[in-house]
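Next come the chains, spelled out residue by residue.
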Amino acid sequence: MNVSIRLLKSHELDAADHIFRLAFGTFVGLPEPTEFYGDATYIPHRWKSDPTTVFVAEADGKLIGSNLAVNWGSFGFFGPLSVHPDYWNQGIGQKLVEPAIASFEQWNHRLNGLFTFAQSPKHHALYQKFGFRLQFLTAIMAKSVQPNQVPTQLQVLPGETQYSQINPEQRLECLRACREVTESVYEGLNLSREIQTVQAQGLGETVLLWDESNLAGFAVCHCGAATEAGSDTCFIKFAAVRCGKNAADNFEKLLDLCEALTVARGMSKLVAGINTSRDDAYCRMLARGFRPEIIGVAMQKPNQQGYNRHDVFAIDDWR
């Protein structure tokens, strides 16, 4: 079998999406594997944001798998990595990891990670070949949100709490302030591309939490079908508050804003992933009614804490 690795082309988006659903649906045992993940999507908007970060495997002229690399400044991750079930156990996954690693080196990252099945030694062994090591579990959490659960003052989200509602000049300043927040979490961490992608492609909203003088925190959210959320769902792709003595209180306020956004967009479900090493943040989400839907495990390279620390109040999803 002649296998080549290259960048995904625009006319192959549907084929890559089909393989992604088929592969994961087969692995988790769905009766109809291609229904995996419903009407949520990963590949199209990420490819549109940066076509140089979406890699595919081709065998004898046929697309058989894909992998996506993500750049968050000093940190990056890859996934979802998927291979057509007909080609499992033939080393295709390893070949798809290699260009992602090359991208990380080109971007000069300090730290890299991935999210994978906690119960799959096969996946752990694959990624350990590249120096990734198992760390804490990551819980993909969800809760139902109803209008009567949203604080009265947030029944209508103020314009200054929404990135889409501020003017272009304010957006530049806001991106700088967001970098300050993430810098307090981990040196060089930068979510500017995620914020701009959500805005440019109409995927959802970035909600902004301000204190008396500064940006205290923000959350990048996908909303509805054809995003990483899916129908009737608001999905927090990334959220963080500035580290310090007010971090816990601000984290609660930021979640209030995310719940208000869920209601404002006509959704009833809020989804967010959190690494369980961030114990206080995790427990606060449980106290608010979030419950795990998926349990995965974070793997990192090199094997260090990064921003998976007890003093960090951040939400993220490395799928």
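Residues numbered from 1 in each chain as written. Predicted model: local features only at pLDDT ≥ 70, side-chain atom pairs only at ≥ 80, totals over all residues. Heavy atoms only, no water.

**Section: the overall build of the chain**
The line we're drawing: The numbering of helices and of strands both runs from the N terminus, where a helix is a DSSP run of H or I of at least 4 residues and a strand a run of E of at least 2. Put simply, the radius of gyration uses C-alpha atoms, and a globule should come to 2.2 Å times the residue count raised to 0.38. To sort residues, take the accessible area from a 1.4 Å probe on protein chains only and compare it with the maximum for the residue type: under 20% means buried, over 50% means exposed, and anything in between is partly exposed. Note on contacts: a residue pair qualifies if any of its non-hydrogen atoms lie within 4.5 Å across the two residues. Surface exposure here means Shrake-Rupley accessible area, sampled with a 1.4 Å probe, where a residue is shielded only by the protein chains that are shown. Neither His nor the chain ends contribute to the count of charged residues, in which Lys and Arg are positive and Asp and Glu negative. Each charge is placed at NZ for Lys, CZ for Arg, CG for Asp and CD for Glu.
A tally of regular secondary structure across the chain gives eight helices and 13 strands. Taking 319 residues into account, the globule formula puts the C-alpha radius of gyration at 20 Å, and the chain, at 19 Å, falls close to it. Considered along the principal axes of its C-alpha atoms, the chain spans approximately 60 × 40 × 35 Å. When each of the 319 residues of the chain is scored for burial, the buried share is 55%. Sequence-distant contacts, at least 24 apart, represent 71% of the contacts inside the chain between residues at least 6 apart. Summing over all exposed atoms, the chain offers an accessible surface of approximately 13,400 Å²; the carbon and sulfur share of this is 49%. Of the side chains in the chain, 29 bear a positive and 34 a negative charge, and the two mean positions are spaced by 3 Å.

**Considering the pattern of salt bridges**
Our working definition: Think of a salt bridge as a Lys or Arg side-chain nitrogen and an Asp or Glu carboxyl oxygen that are within 4 Å of each other.
This model, assessed by the stated rule, comprises 21 salt bridges. Two residues, R6 and E58, come together in a salt bridge whose shortest N-O distance is 3.3 Å. Of this pair, R6 sits in strand 1 (residues 3-7) while E58 sits in strand 2 (residues 54-59); the two residues are 52 residues apart in sequence, bridging distant segments of the chain. Here R21 ties to D17 by a salt bridge, and the two come within 2.8 Å at their closest N and O atoms. Note that R21 and D17 are positioned in helix 1 (residues 13-28) at a spacing of four residues, about one turn of the helix. Like R21, the residue D17 is buried in the burial classification.

**Describing the side chain of T233**
Worth spelling out the cut-off: Polar contact is defined as a pair of N or O atoms within 3.5 Å, subject to the rule that within protein one atom must be able to donate a hydrogen and the other to accept it, and that residues adjacent in sequence are counted only when both atoms are side-chain atoms.
The residue T233 is located in strand 10 (residues 230-241) in this model. The exposure class assigned to T233 is buried, which follows from its relative accessible area of 7%. Among the polar contacts made by the side chain of T233, one reaches the main-chain carbonyl oxygen of S231 at a distance of 3.1 Å. Beyond its immediate stretch of four places on either side in the chain, T233 contacts H222, C223, G224, M267, K269 and V271.

**Quick look at the packing of aromatic side chains**
Put simply, the rule is: Ring pairs are drawn from Phe, Tyr and Trp, using the six-membered ring of Trp, whenever the two centres fall within 6.5 Å, and their geometry is named by plane angle: stacked under 30 degrees, edge-to-face over 60, tilted for the rest.
As enumerated under the stated definition, the model contains 23 aromatic pairs in all. Judged by centre distance (5.0 Å) and plane angle (80°), the ring pair of W72 and F77 falls under edge-to-face. Residue class for W72 comes out buried when judged on its relative accessible area of 1%. In this structure F77 comes out as buried when scored by relative accessible area, which is 0%. On the basis of an interplanar angle of 75° and a centroid distance of 5.5 Å, the ring pair of W72 and F238 is categorised as edge-to-face. Within this pair, whereas W72 is found in strand 3 (residues 62-72), its partner F238 is found in strand 10, the two being separated by 166 residues in sequence. The pair formed by W72 and F238 is uniform in burial state, with each residue classed as buried.

**Some details on helix 1**
To be explicit about the condition: For a helix, the expected span equals 1.5 Å multiplied by the residue count minus one.
Here helix 1 is 16 residues long and its end C-alpha atoms lie 23 Å apart, about the 22 Å a rise of 1.5 Å per residue gives. Listed in full, the buried residues belonging to helix 1 are L13, A16, D17, I19, F20, R21, L22, A23, F24 and G25. The inward-facing, buried residues of helix 1 abut helix 2 (43-49), strand 3, strand 5 (82-83) and strand 6 (111-117). G29 lies just past helix 1 and shows a positive phi near 85°.

**Things to note about a nonpolar patch on the surface**
The condition is simple: Residues enter a patch when their relative accessible area is above 30% and they make no salt bridge; the linking distance is 9 Å between like charges and 5 Å between nonpolar side chains (Val, Leu, Ile, Met, Phe, Trp, Tyr).
A surface patch of nonpolar side chains, about 220 Å² in accessible area, is lined by F27, V28 and L30. By the element assignment, V28 lies in helix 1. Since its relative accessible area comes to 43%, V28 is described here as partly exposed.

**Considerations on the nonpolar core**
Note the cut-off: What we call a nonpolar core is a set of buried Ala, Val, Leu, Ile, Met, Phe, Trp, Tyr and Cys residues that are connected through their side-chain atoms within 4.5 Å.
If you look at the biggest cluster of nonpolar residues, it comprises 36 residues, and the most contacted ones within it are W72, F75, L189, F218, F238, Y307 and W318. Going through the elements one at a time, strand 3, strand 4 (75-78), strand 6, strand 7 (133-144), helix 5 (168-185), helix 6 (192-201), strand 9 (215-224) and strand 10 are the ones with two or more residues in this core. When residues of this core are assigned to their parent elements, the largest contribution, six residues, is made by helix 5. Apart from the residues lying within four places of it in its own chain, the contact partners of L189 are W72, S74, F75, R179, T182, E183, F238 and Y307. Counting residues in hydrophobic clusters, the runner-up holds 35 residues, among them L209, V241, F251 and L255.

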